[in-house]
Amino acid sequence: MASSPRELTQNPLKKIWVPCKNGLPDRHISQRRVCMTNCPTLIVTVGLPARGKTYISKKLTRYLNWIGVPTKEFNVGQYRRKCVKTYKSFEFFRPDNEEGLKIRRQCALAALGDVQRYLRDEGGQVAVFDATNTTRERRGTIMSFAQQNGYKVFFVESVCEDPDVIAENIVQVKLSSPDYIHCDTDKAVEDFMKRIKCYENSYEPLDEILDGGLSFIKIMDVGRRYLVNRVQDHIQSRIVYYLMNIHITPRSIYLCRHGESDLNVKGRIGGDSGLSVRGKEFAECLGKFIRDQSINELKVWTSQMKRTIQTAEALSVPYEQWKALNEIDAGVCEEMTYEEIQENYPLEFALRDQDKYRYRYPKGESYEDLVQRLEPVIMELERQENVLVICHQAVMRCLLAYFLDKPAEELPYLKCPLHTVLKLTPVAYGCKIEYISLNVEAVDTHRAKPENVDISRLAEEALLTVPAHQ
Amino acid sequence: MCYLFLIANIPFSDFFSLSSVPQFTNSPTLIVMVGLPARGKTYISKKLTRYLNWIGVPTKVFNLGQYRREAVQAYKTFEFFLPDNEEAMKIRKACAITALKDIHHYFTQEQGQVAVFDATNTTRDRRADILCFAKESGYKVFFVESICDDPDIIEANIMEVKLSSPDYQDCDKEEALVDFLKRIECYKMSYVPLDDEMDRNLSYIKIFNVGFRYLVNRVQDHIQSRIVYYLMNIHVTPRSIYLCRHGESELNLLGRIGGDSGLSPRGNKFACTLAGFIQSQCIRNLKVWTSHMKRTIQTAEALGVAYEQWKALNEIDAGVCEELTYEEIQEHYPEEFALRDQDKYRYRYPKGESYEDLVHRLEPVIMELERQENVLVVCHQAVMRCLLAYFLDKSAEELPYLKCPLHTVLKLTPVAYGCKVESVFLNVEAVNTHRDRPVNVDVSRDPQDALLTVPEHI
């Protein structure tokens, strides 16, 4: 018969029960982490130039970091640029350019060295090695490196023969690269095409038979087709799923909050109130704005809370309700003003200011929980084209952080004012953002982090940054 | 902190809310299996159908073999399947047409959303006919082809599911195996797998050797994306899943629902007994999962092994009714109480959740259970009902009333097309927390009628 179970104590910030010794948390951490693997993962891109490897690397890195997996990309091209200060021409990449080959090999090794440092010393869990890696020999070198260090390797190959897609890639990201900064467009394109040629002869794509023992995904024709081989674990499965859902069709995502609500006006958080008079006005203006934008096949999503639905109703178009888009659950603090929270739960209030991302309201949620529940929304946003998401302050911060690659520390303080639409348009490797204020007055609901976050602080110090309300 | 995120987990009910028009797909989807006999087509069809129904997508399997068995009362030999058997060919084609008619009926008259056409569909002609049929009615088609050249796997398949089929019930095992292998040969000659070039415009997934490799072509929409993800996560490695609730809690004793209380003395005793039971089972590489609630964690602590906490495994949120007894719910929220009895699956507590919401939040748990091998899940009554309903293919109507008593471990072992269940009561007494649906669910009922089925408590 086992000895009596260990005592449990609840972590005051995250409200997680952990075993404790003498009232202090014991070191055994039983919380589930996405990666659940003792081995870090090395993702290795494969493909000719202008096949979207860097696009995929950056996007995947952004996604993994957002869901809480520390990830970093290592672009060998950047190492090469540091080494060879000025790029002259494609001749650097000729397969018979010994000097060039030496430098390129050194750069790859330098990058791998940094990968090692990141995964071993910097708490990294996934490293994305972004380079052409078009020869079996180069891939062999990488796999040896990985094996020595105990990393799992997952290859992501992008294969594309569509000349239009390749041309578009070059225009979007290559022409503005530091390599071609002083070149005129036509010359740059010509040089880059010759650069691609340098790789073509020695390119050995991943092969079903010869590379049958490796774990990889081959993406063909920008996502029309995928070959997936030997997915080893959970994180690889998630990566595959993500890669299979993203696309590059031009589109825009519109994010906004519900119109000003009655509880907003009173400075109360959470709840499920209806729109104020100004909120209704905003909804009408939003309807007009959307119509004026003449967006092709716009989908409209709301949460299941009254205020977002009322806002959508004014648009007179079909919309879908998502429970996952509901505002963060403030638990025992639901419908309180910040003043009331300070009065009734001063300790909680301080803890929240100390770590607003991880702090969980008693019987409620944290921003961290929110990100988890929003992941399917993000996945579906990736699949869709033009979408308007009418949501809430904390929710919008989480979504925005995903699109703009904001870290956990900044996320809970992103500015998402009422009555303002954010138009996000993917461009090159990132996202263009346009702020459109619809010119309808509303209260400010943004509470900045106060200077004093100590649990012993005075009430006025805690309430210093509370926005004005009725 | 449980980081296992929901994976594009949208309950289809979210799309069918009262004030909005469902937008993600107006067209029903026809999933068409492709592959030689004994390649796991029926296994995949049934499993996929179970999964889709569980997440709320009305789905049904149409197995051509069953139509054939109805048409040809007694199966004689593999000769029925010889490509030059004209009589048989006529019958088989007629069966296919009947099945497609039934699929059409399922979509148009029975609110079906996905139909799985489970047959070999190994010729291009047959697939063209199906595509034609689908096009006429505006159905989307997604092919699932299973390719396997490992003779061990094929033989194992035949042993597991073919020998016990109605076709071979009066046959001796050796004879049946020989006949079935000849049956496979009949198909091999005319088998044309989905082709990279010729079928490049079709939407499909090709599964090689039970999941080593997949080829995915032209996924059209959300449901196909989910289907692909699911198929890529399932495996056939033998394993068992153990489900149980936390030990009896203090609030259980008081007949109160929800909350976050610790174990009662009997609950503690159960936890220790559970440890002994788990050890005695000698389970290989067992993973242990709990929720974030104290009572499941305390239970796991007694096992003396590493465990993972999942927020997604937390008990259903009873909102304003948290920590109330049923008597108190009847007193303060009689209408809510009645509504819940009227439709326990869809009913959402004020500021709380419904069973339907629970299924939504448990979907990633199910997905990860599919990926894993031996797992013990220590959870809660409503949560366990949802998980059990997935494994045992229980409908939404039955789900909220599945019996999941305290101090009882359910051992689920996949076998053939389903799941074997062994229920092990660990001999530590506990209160009963199961409240049956009362006869009177009317909003106007008397309190006694409402409280008739409440189990005893302090």
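Residues numbered from 1 in each chain as written. Chains lettered and ligands numbered in written order. Predicted model: local features only at pLDDT ≥ 70, side-chain atom pairs only at ≥ 80, totals over all residues. Heavy atoms only, no water.

The name given to chain B in an unreviewed UniProt entry is 6-phosphofructo-2-kinase/fructose-2,6-biphosphatase 1, with the source organism recorded as Scleropages formosus. Check the Function (unreviewed entry) section of the UniProt entry for chain B; it says "Synthesis and degradation of fructose 2,6-bisphosphate." According to its UniProt record, chain B has this under Sequence similarities (unreviewed entry): "In the C-terminal section; belongs to the phosphoglycerate mutase family." (UniProt positions renumbered as here; feature names shortened; annotations may be inferred.)

Chain A goes by 6-phosphofructo-2-kinase/fructose-2,6-bisphosphatase 4-like in an unreviewed UniProt entry, where it is assigned to Scleropages formosus. Regarding chain A, the UniProt comment filed under Sequence similarities (unreviewed entry) reads as follows: "In the C-terminal section; belongs to the phosphoglycerate mutase family."

Residues and elements named next belong to chain B. A cluster of acidic residues, D152, E155, D172, E174 and E175, forms a negative patch at the surface. Those elements that place two or more of their residues in the negative patch are α6 (151–162) and α7 (173–188). In this structure, E155 sits in helix α6. Here E155 falls in the partly exposed class, since its relative accessible area comes to 42%. (Patch = residues over 30% accessible without salt bridge, like charges linked within 9 Å, V, L, I, M, F, W, Y side chains within 5 Å. Areas by Shrake-Rupley, 256 points an atom, 1.4 Å probe, with all protein chains shown as cover. Salt bridge = Lys/Arg side-chain N within 4 Å of Asp/Glu carboxyl O. Lys, Arg positive; Asp, Glu negative; His and termini not counted. Charge placed at Lys NZ, Arg CZ, Asp CG, Glu CD. Helix = DSSP H or I, 4+ residues; strand = E, 2+ residues; numbered from the N terminus. Buried < 20%, exposed > 50% of the residue type's maximum accessible area, 1.4 Å probe, protein only.)

All names here are of chain B. Sheet architecture is open: six strands sit in the order β9-β8-β10-β7-β11-β12, paired in mixed fashion. Every interior strand has two partners, whereas the edge strands, β9 (308–309) and β12 (418–425), have only one. Both strand β8 (residues 287–290) and β9 contribute to a ladder of two bridges, which runs parallel. When the sheet's bridge partners are listed, W289 is paired in β9 with E308. Packed on one face of the sheet, helix α11 (residues 294–301) meets β8, β9 and β10 (375–379) and runs near 155° to β8. (Pairing = 2+ DSSP bridges. Contact = heavy atoms within 4.5 Å. Axes fitted to C-alpha atoms, helices over the stretch in contact; angles between N-to-C directions.)

Residues and elements named next belong to chain A. Residues annotated by UniProt as "active site" (unreviewed entry) correspond here to H258 and E327. These annotated residues cover 70 residues of sequence, but their C-alpha atoms sit close together, with the largest distance between any two at 10.7 Å. Along the chain, H258 falls in the loop between β10 (253–257) and α8 (262–265). Here H258 is in contact with N264, F282, R307, T308, T311, I390, C391, H392 and L418, once residues within four sequence places are set aside. Topologically, E327 is positioned in the loop between β12 (320–321) and α11 (338–344). A polar contact is formed between the side chain of E327 and the backbone nitrogen of Q393, at a distance of 3.4 Å. (Polar contact = N/O pair within 3.5 Å; in protein donor to acceptor, adjacent residues only side chain to side chain.)

What follows deals with the sheet that holds strand β6 (residues 126–130) of chain A. If you walk across this open sheet you meet the twelve strands as β5(A)-β6(A)-β4(A)-β7(A)-β8(A)-β9(A)-β6(B)-β5(B)-β4(B)-β1(B)-β3(B)-β2(B), and the pairing is mixed. Looking at the sheet topology across the chains shown, the edges are occupied by β5 (71–75) of chain A together with β2 (59–63) of chain B. Averaged over all pairs of adjacent strands, the angle between their axes in this sheet comes to 15°, without regard to strand direction. Pairing between strand β5 (residues 204–208) of chain B and strand β6 (residues 213–217) of chain B: five bridges, direction antiparallel. What sits directly across from Y204 of chain B, in β6 of chain B, is N217 of chain B. Set on the sheet, helix α4 (residues 136–149) of chain A makes contact with β4 (41–46), β6 and β7 (152–159) of chain A; between it and β4 of chain A the angle comes to about 175°.

On to unusual backbone geometry, then. The phi angle of most residues is negative, glycine excepted, and most peptide bonds adopt the trans form. The phi dihedral of V210 of chain B is positive, around 55°, even though this residue is not glycine. Looking at where V210 of chain B falls in the secondary structure, it is placed in the loop between β5 and β6.

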